[in-house]
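Chain by chain, the residues:
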Amino acid sequence: PVSACEENMMEVMCTPQEPHCTTGEVVVEPGLGTRQAILDAMVWPDVLRESYTPTWQSIEAAGNYMPLLGMDTRDFVVLLTDGYQCCGLYRNADGNLRCVPEAGPNGENLLVDRVTRLRQLGITVYVVGFAGGVDAPTLQRASIAAGTARANCDPDANANGMNQCYFQADNEAELVNALAQIAREVQ
């Protein structure tokens, strides 16, 4: 469970078209011949463009996904995110919404902890930031914790810098390239 429809830890209206925040889930089971089903599942209604980002919650869910656990296979997770960890909202005195009740750490450390747990379970995690709104320091730490940091990376690089430890993609072509590089490493 996540704070999907909460504001200041109180339930607020939430609908399927305005979910605010939901934990990632497997929509199409991995397997051969699932390309079209995956493409169909990736159609995202315009009204959902402002949904939040339950990053650590989704990585935690991956760690509980039975096909990744207890089998004698090589298992991989690709974390692809376009934003900062944010799930559940707090309204400040000025009326603005924020992801945490006060300034300070949010779910950043939880993401690194959950990536570390997957690695301990024998699951390899690759981290991809998409577009410029990502939390570069957390993605840097997550890719290092995963053991998949890119060669010669700079742990202090920002989302717009060079030599990030994670894969950074700012458009469709760069995303395809990043996923192709990950596929080559997996292979």
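Above this text you will find the structure in question.
Residues numbered from 1 in each chain as written. Predicted model: local features only at pLDDT ≥ 70, side-chain atom pairs only at ≥ 80, totals over all residues. Heavy atoms only, no water.

Asker: Please explain the state of the cysteines as it appears in this structure.
Answerer: In a disulfide, the sulfur atoms of two cysteines are covalently bonded to one another. Tallied over the entire structure, the rule returns one disulfide. Here Cys 153 is linked by a disulfide to Cys 165, with a sulfur-sulfur distance of 2.2 Å. Every disulfide takes its handedness from the sign of the S-S torsion; for Cys 153 and Cys 165 that torsion is 75°, giving right-handed. Residue Cys 153 is located in the loop between helix H4 (136–146) and strand S7 (167–169), and its partner Cys 165 is located in the loop between H4 and S7; the two are separated by 12 residues in the primary sequence. Assessed through its relative accessible area of 0%, Cys 165 is described here as buried. (Disulfide = S-S within 2.5 Å. Helix = DSSP H or I, 4+ residues; strand = E, 2+ residues; numbered from the N terminus. Buried < 20%, exposed > 50% of the residue type's maximum accessible area, 1.4 Å probe, protein only.)

Asker: Is there a simple way to explain unusual backbone geometry in this structure?
Answerer: Note: most peptide bonds trans; most residues except glycine with negative phi. In this structure, Asn 152 is a non-glycine residue whose phi angle is positive, near 60°. Positionally, Asn 152 belongs in the loop between H4 and S7. Even without being a glycine, Asn 163 presents a positive backbone phi close to 60°. By the element assignment, Asn 163 lies in the loop between H4 and S7. Judged by relative accessible area, Asn 163 falls into the partly exposed class, the value being 47%.

Asker: Please explain the nonpolar core as it appears in this structure.
Answerer: Buried together is how nonpolar side chains tend to be arranged in soluble globular proteins. Membership of the largest hydrophobic core comes to 22 residues, with the highest contact counts inside it found for Val 77, Leu 111, Val 115 and Val 125. Of all the secondary-structure elements, those providing two or more residues to this core are helix H2 (55–62), strand S3 (75–81), helix H3 (108–120), strand S6 (123–130) and H4. The dominant element in this core, judged by the number of residues it contributes, is H4, at five residues. Not counting chain neighbours up to four residues away, the residues in contact with Val 77 comprise Ile 59, Ala 62, Leu 68, Leu 118, Ile 123, Thr 124, Val 125 and Tyr 126. (Core = buried A, V, L, I, M, F, W, Y, C linked by side-chain atoms within 4.5 Å. Contact = heavy atoms within 4.5 Å.)

Asker: What should I look at first to understand the sheet that holds S6 in this one?
Answerer: The pairing of strands in a sheet comes from backbone hydrogen bonds and takes either a parallel or an antiparallel form. If you trace the three strands from one edge of the open sheet to the other, you get S3-S6-S7, paired in parallel fashion. Two strands close off the open sheet at either side, each with one partner strand: S3 and S7. Each neighbouring strand pair of the sheet contributes to a mean axis angle of 25°, computed without reference to strand direction. Sheet strands touched by H4: S3 and S6. Its angle to S6, the strand with the most contacts, is close to 160°. (Pairing = 2+ DSSP bridges. Axes fitted to C-alpha atoms, helices over the stretch in contact; angles between N-to-C directions.)

Asker: So what exactly am I meant to see when it comes to the environment of Pro 155 here?
Answerer: The topology assignment puts Pro 155 in the loop between H4 and S7. Remark: the alpha-carbon pair of Pro 155 and Arg 141, spanning 14 residues in sequence, is separated by 7.4 Å. With sequence-adjacent residues up to four places away left out, Pro 155 is seen in contact with Gln 140, Ile 144 and Cys 165.

Asker: Honestly, the pairing of S6 in this entry has me stumped. Any pointers?
Answerer: Both faces of the sheet carry side chains from a regular strand, because those side chains alternate between them. With respect to burial, S6 is a largely interior element, six of its eight residues being buried. Bridge count for S3 against S6 is seven bridges, and the pairing is parallel. Of the residues in S6, the one forming a bridge with Phe 76 is Thr 124. Here S6 runs beside S7; their pairing, made up of three bridges, is parallel. Residue pairing in the sheet places Val 128 in a bridge with Phe 167 of S7. This β-α-β element, S6 to H4 to S7, shows right-handed connectivity. (Right-handed = clockwise from strand over helix to strand, strands pointing away.)

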